[in-house]
Amino acid sequence: MSFEAVIFFQDRNMILGHKAFFVTPSDSLAVIAANIDVIPYFRKTGVKGFSRSMPTAGAVDRVAAKTGREFFEVPTGWKFFGNLMDAGRLSLCGEESFGTGSDHIREKDGLWACLAWLSILAARKMTVEEILKDHWLMFGRNFFTRYDYENVDSAPANQMMNNLEKAILDPSFAGCLFSHANKTYKVAKADNFEYTDPIDGSISKKQGLRIIFEDGSRVVFRLSGTGSSGATIRLYIDSYEAEEAMHSLNAQDVLKPLVEIALKISQLRELTGRQEPTVIT
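Remember, predicted model here, so these are calculated numbers, not experimental data.

Reading the values: the criteria
Residues numbered from 1 in each chain as written. Predicted model: local features only at pLDDT ≥ 70, side-chain atom pairs only at ≥ 80, totals over all residues. Heavy atoms only, no water. Helix = DSSP H or I, 4+ residues; strand = E, 2+ residues; numbered from the N terminus. Rg over C-alpha atoms; globule rule 2.2 N^0.38 Å. Contact = heavy atoms within 4.5 Å. Lys, Arg positive; Asp, Glu negative; His and termini not counted. Charge placed at Lys NZ, Arg CZ, Asp CG, Glu CD. Buried < 20%, exposed > 50% of the residue type's maximum accessible area, 1.4 Å probe, protein only. Pairing = 2+ DSSP bridges. 1 Å grid on protein atoms, 1.4 Å probe; cavity = no way out; pocket = protein on both sides within 12 Å on 5 of 7 lines; lining within 4 Å. Points joined across faces, edges and corners; volume = space filled by probe spheres on them. Nonpolar A, V, L, I, M, F, W, Y, C, P; charged D, E, K, R; others polar.

A short note on the overall build of the protein chain
Along its length, the protein chain carries 9 helices and 16 strands. Taking 19 Å as the expected radius of gyration for a compact globule of 281 residues, we find that the protein chain reaches 19 Å, a close match to that expectation. With the principal axes as the frame, the protein chain shows a C-alpha extent of 50 × 45 × 35 Å. Partitioning the contacts of the protein chain with sequence separation of at least 6, the portion at a separation of at least 24 is 62%. Both charge centroids of the protein chain, one from 32 positive and one from 35 negative side chains, sit 2 Å from each other.

Describing the pairing of strand β4 (residues 49-53)
Every regular strand shows the same layout, with side chains that alternate between the two sheet faces. Within β4, 5 of the 5 residues are buried, which leaves the element mostly enclosed by the surrounding structure. By the alternation rule, side chains of β4 split into Gly49, Ser51 and Ser53 and Phe50 and Arg52, which are all buried. Here β4 pairs with strand β6 (residues 90-95) via 4 bridges, running parallel. Residue pairing across strands places Ser51 opposite Cys93, the latter belonging to β6.

Remarks on the environment of Ala34
Looking at the element boundaries, Ala34 is found in helix α1 (residues 25-34). By relative accessible area, Ala34 is classed as partly exposed at 31%. Residues within four places of Ala34 in sequence aside, it is in contact with Val63, His135 and Phe139.

Here's the deal with empty space enclosed by the protein
Counted according to the given criterion, the structure contains 1 cavity of 30 Å³ or more. In this structure, the largest cavity occupies an estimated 30 Å³ of space. As for the largest cavity, its lining consists of Asn13, Met14, Ile15, Val23, Pro25, Ser28, Phe98 and Thr100. Where the lining of the largest cavity is concerned, the elements lending two or more residues are β2 (12-16) and α1. The leading source of residues in the lining of the largest cavity is β2, at 3 residues. In the lining of the largest cavity, the residues fall into 5 nonpolar, 3 polar and no charged.

Comments concerning the layout of surface pockets
Computed from the structure, the largest pocket encloses a volume of approximately 360 Å³. Lining of the largest pocket is provided by 20 residues; of these, Phe22, Thr24, Arg141, Leu249 and Ala251 occupy positions nearest its centre. Contributions of two or more residues to the lining of the largest pocket are made by α1, α6 (128-139), β8 (141-152) and α8 (251-266). By residue number, the principal contributor to the lining of the largest pocket is β8, which donates 4 residues. Residue composition of the lining of the largest pocket, grouped by class: 10 nonpolar, 7 polar and 3 charged. Taken as a whole, the second largest pocket spans an internal volume of roughly 210 Å³. Contributing to the lining of the second largest pocket are Asn158, Met161, Asn162, Glu165, Asn192, Lys206, Gln207, Gly208, Leu209, Phe221, Arg222 and Leu223. Of all elements in the fold, only α7 (154-169) and β14 (218-227) reach the threshold of two or more residues within the lining of the second largest pocket. If you tally residues by element for the lining of the second largest pocket, the top one is α7, at 4 residues.

The following block contains the structure:
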């Protein structure tokens, strides 16, 4: 068995298999959720709900639906998970920025995530890659990528977000068709994500612009750090594929049409002058 776990900044984790087979944080969370009964801690405490941050790919949603667990989609920020844990509603949570945690501690825990994976590997007697492919066969695969545009001038960044919000909130936007290459997507809904905490009733508004398509694919835009040093625009792309033949394809190739559609709708290139992202995850 070949297994590597890279733990960085103590609270973060990255799961790699043989020959650097990469497990996205979204898939890692979903695999832990799907195999949660083999982890000793949960055998003692029982299993409550699952949760992810809104920009994180929806892989764990499908596990929750199939296993009958309560599920929560929350804004970015660990405090939202903490409220659910304190109320006894949440056992497992994670975010796309390599943070995973459980209710054993009110914070993300990279070492715990790696130990959870070791428990799964020991119980399943399979490699990391085999576990992932078996998971995709059962639940389908959520392809995911994040584009970060760093140090963008604040004025055009704000203009882009304001223009985009106005466009997607127009009632006529729902039902629009967008195509690139051989893929066509139809808009099911679009919004600026808002979350009402089920524990204390607090409302968090304007947590990210979402475009959700009829096939379940999502495009999310978030803006941060709009001070004098420049802004960061983050573009998240999440697309679901149920067909086994699609599961082994490169994520960037699969998501390219949706990325181009997102850039066209937002006019990010035209308004910011950025032709390429600073970082692709």
